[in-house]
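The chain contents come next:
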Amino acid sequence: MAENYVSTTNACKMCTPMGAALVFKGIENAVPFLHGSQGCATYMRRYIISHYREPVDIASSALGEKSAVYGGGPNLKKGILNVMRKYDVSLVGVATTCLTETIGDDVGRYLNEFREEFSDLSLPELVHVSTPSYSGTHMEGWHAAVRSLADQVVKDKGRAHGGVNLLPGFLSPADYRFLKALGERACVRFTMLPDLSETMDGVIWDDYHSLPDGGTPVAEIRAMGGAAGTVEFGMSGGLPESAAGVLERKFGVPARRTAMPIGLRATDQFMDVLAEFASCDMPAKDAFDRGRLLDAMVDGHKYIFGKRAVVYGEEDFVVALCSFLGEIGVQPVLVATGAKSDRFKAAVTNALAEVCQTMPVIRDDADFKDIEDEAAELNPDLLVGHSKGYKLARAKNIPLIRVGFPIHDRFGGQRILHVGYEGALALYDRLVNAVLEKSQDECPVGYGYL
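An account of the accompanying structure is given in this report. If you're wondering where the values come from, they're calculated on a predicted model, not measured in any experiment. (Residues numbered from 1 in each chain as written. Predicted model: local features only at pLDDT ≥ 70, side-chain atom pairs only at ≥ 80, totals over all residues. Heavy atoms only, no water.)

### Quick look at the packing of helix H11 (residues 264–275) against helix H12 (residues 284–304)
Two quantities define a packed helix pair, namely the angle between the helix axes and the distance between the axes. Our working rule: Interaxial angle, 0 to 180 degrees, is taken between N-to-C directions of lines fitted to C-alpha atoms, where a helix line uses only the stretch in contact. Secondary structure follows DSSP: runs of H or I at least 4 residues long count as helices, runs of E at least 2 residues long count as strands, and numbering of each begins at the N terminus. With respect to orientation, any angle under 35 degrees is reported as roughly parallel, any angle over 145 as roughly antiparallel, any angle of 65 to 115 as roughly perpendicular, and every other angle as oblique. Left-handed describes a crossing whose near helix is turned anticlockwise from the far helix by less than a right angle; the clockwise case is right-handed. Contacts: residue pairs with any heavy atoms within 4.5 Å of one another.
As a packed pair, H11 and H12 sit with axes 12 Å apart at the nearest point and diverge in direction by 165 degrees. Accordingly, the angle class assigned to the pair H11 and H12 is roughly antiparallel. The handedness of the crossing between H11 and H12 comes out as left-handed. Here H11 contributes Leu264, Asp268 and Met271 to the contact with H12, which in turn contributes Asp286, Arg290, Leu293, Leu294 and Met297.

Listed below in structure tokens is the structure:
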């Protein structure tokens, strides 16, 4: 053991295959399949359901001691056959776990054997991704799964169809719905990968459905090689080659990368990228929403300007939040992510360079214990992040503005809108009202007019 080793106390991240499972939940008629022990799938189902409040099926090869010694190939093949019998499935997304990575299972070879052994059956697309949780976060799993879909499902360039591939990263179902509607308003046909807009926030059913409606159709994924371009949000977890890079290298689809469109400047940047593919000007609704956001910033700056915030979560999401907080006058004092990232500090610094005179403390590979210790010295007014910051918010008696994933202690986390001018305005209202509510609660006079 290293001399200065400190164990993880409360990780600021989730496990790697969970991110892959969520990506596969965003594919039409797809089933996520964890190649490992039953407990991994059970844990993830419980964790994901408590945020989305939707039924979540995740299959498992349910390995035991024998498989750990002799390999999990037979269980994997039997499990896929069971999934095919139970569901009318168009894709099975196989993600490895710590167990199968440790014993060295060659999942790609197992799937090739499966295709040969059962070639007389109508087989779904079989996609595999390596997601050892001891070497990454749920976001590494997310980006690796998106890349695997682009690499393994898109087999040829196909017919040029003029659409645009949109790789939005990990957002809420409300965000995905917003982006799809924005594409329609801007006359751009998106193939969004993945699409959790309905699969993880659907309608009530009269009858049982084995799989939810919605998700990116497999046929549309296959046609991504014929798109006019690919728009990719964020840094793709630092992959040497992201999904957009795969499509550009293999099929010549031009890649455009931009920050998550949270806040004014990032949304402006996304609109500029979108304009390259649109056949019309910025939609009137979005132009009006932009003006309304600016008007709200003028109205609310006297309440929010100069407040100090601790921001934490997934690195792309945190970078985008910092950009937004800086432009509304909130000073991030501590910015943290659970990912080990040599690009995170530069990205946060770049996002704040034009709007903050003082750079925050920036931490990657952060533990909530470290965040709590550092926050104690920085005297923040706000926490901005997911529910796991509640303990710190309670200890510091400061508001926690819940955004992102997971939100386990409030209702409707899947319907929080973050992106676009409309999302920025909604987030701005929540920030200002949190500050006003705290002032009101602590005022001995009890003013009713603020």
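On we go from here.
### Regarding the sheet that holds strand E5 (residues 164–167)
The line we're drawing: Strand pairing is defined by DSSP finding a minimum of two bridges between the two strands.
Taken in spatial order, the 4 strands line up as E6-E5-E7-E8 in an open sheet, and their pairing is parallel. On the outer flanks of this sheet lie strand E6 (190–192) and strand E8 (255–258), each paired with one strand and no other. When the angles between neighbouring strand axes are averaged without regard to direction, this sheet yields 20 degrees. Two elements, E5 and E6, share 3 bridges in a ladder whose sense is parallel. What sits directly across from Val164, in E6, is Phe190.

### A closer look at the side chain of Thr216
Quick note on the threshold: The term polar contact refers here to a pair of N or O atoms within 3.5 Å; inside protein, the definition further demands a hydrogen-donor-capable atom paired with an acceptor-capable atom, and it admits residues adjacent in sequence only when both atoms are side-chain atoms.
Among the structural elements, Thr216 can be located in the loop between E6 and helix H9 (218–222). At 2.5 Å, the side chain of Thr216 and the backbone oxygen of Met192 are in polar contact. A polar contact of 3.3 Å, which involves the side chain of Thr216, links it to the backbone nitrogen of Asp195.

### Some remarks on the sheet that holds strand E9 (residues 308–312)
Reading across the sheet, the 5 strands line up as E11-E10-E9-E12-E13 and stay open at both edges, with parallel pairing between neighbours. Among the strands making up the open sheet, the edge pair consists of strand E11 (361–363) and strand E13 (400–402). Averaged over all pairs of adjacent strands, the angle between their axes in this sheet comes to 20 degrees, without regard to strand direction. Contacts from helix H13 (residues 315–327) reach E9, strand E10 (331–336) and strand E12 (382–385), with the element oriented near 165 degrees to E9.

### Notes on the packing of aromatic side chains
Formally: Only Phe, Tyr and Trp rings take part, Trp by its six-membered ring, and two of them pair if their centres are within 6.5 Å. Stacked means planes under 30 degrees apart, edge-to-face means over 60, and tilted covers everything else. The rule is simple: take the accessible area with a 1.4 Å probe, protein chains only, and divide by the maximum for that residue type; under 20% is buried, over 50% is exposed, in between is partly exposed. Throughout this description, the term charge over a ring refers to an Arg CZ or Lys NZ atom that lies within 6 Å of the ring centre and within 35 degrees of the ring normal.
With the rule as written, the count across this model stands at 8 aromatic pairs. When the centroid spacing of 4.8 Å and the interplanar angle of 45 degrees are considered together, the rings of Phe114 and Phe118 count as tilted. Pair check on accessibility: Phe114 and Phe118 agree, each one buried. Of the aromatic side chains, those joined through ring pairs into one cluster are Tyr43, Tyr47, Tyr52, Trp142, Phe170 and Phe405. Above the face of the Tyr87 ring, Lys86 is positioned so that its terminal group lies 5.6 Å from the ring centre. The cationic tip of Arg185 hangs over the ring face of Phe178; the distance from NZ or CZ to the ring centre is 5.5 Å.

### Brief notes about the pairing of E9
The criterion, for reference: Looking down the strands as they point away from the viewer, one classifies a crossover as right-handed if the path from the first strand across the helix to the second runs clockwise.
In terms of residue burial, E9 counts as a mostly covered element, since 4 of its 5 residues are buried. By the bridge criterion, 5 bridges tie E9 to E10 in an arrangement that is parallel. Residue pairing in the sheet places Tyr312 in a bridge with Ala336 of E10. Between E9 and its parallel partner E10, the chain crosses via H13, and the hand of that crossover is right-handed. Relative to E12, E9 runs parallel, the two being bridged by 3 bridges. Counterpart to Ala309 in the pairing with E12 is Leu382.

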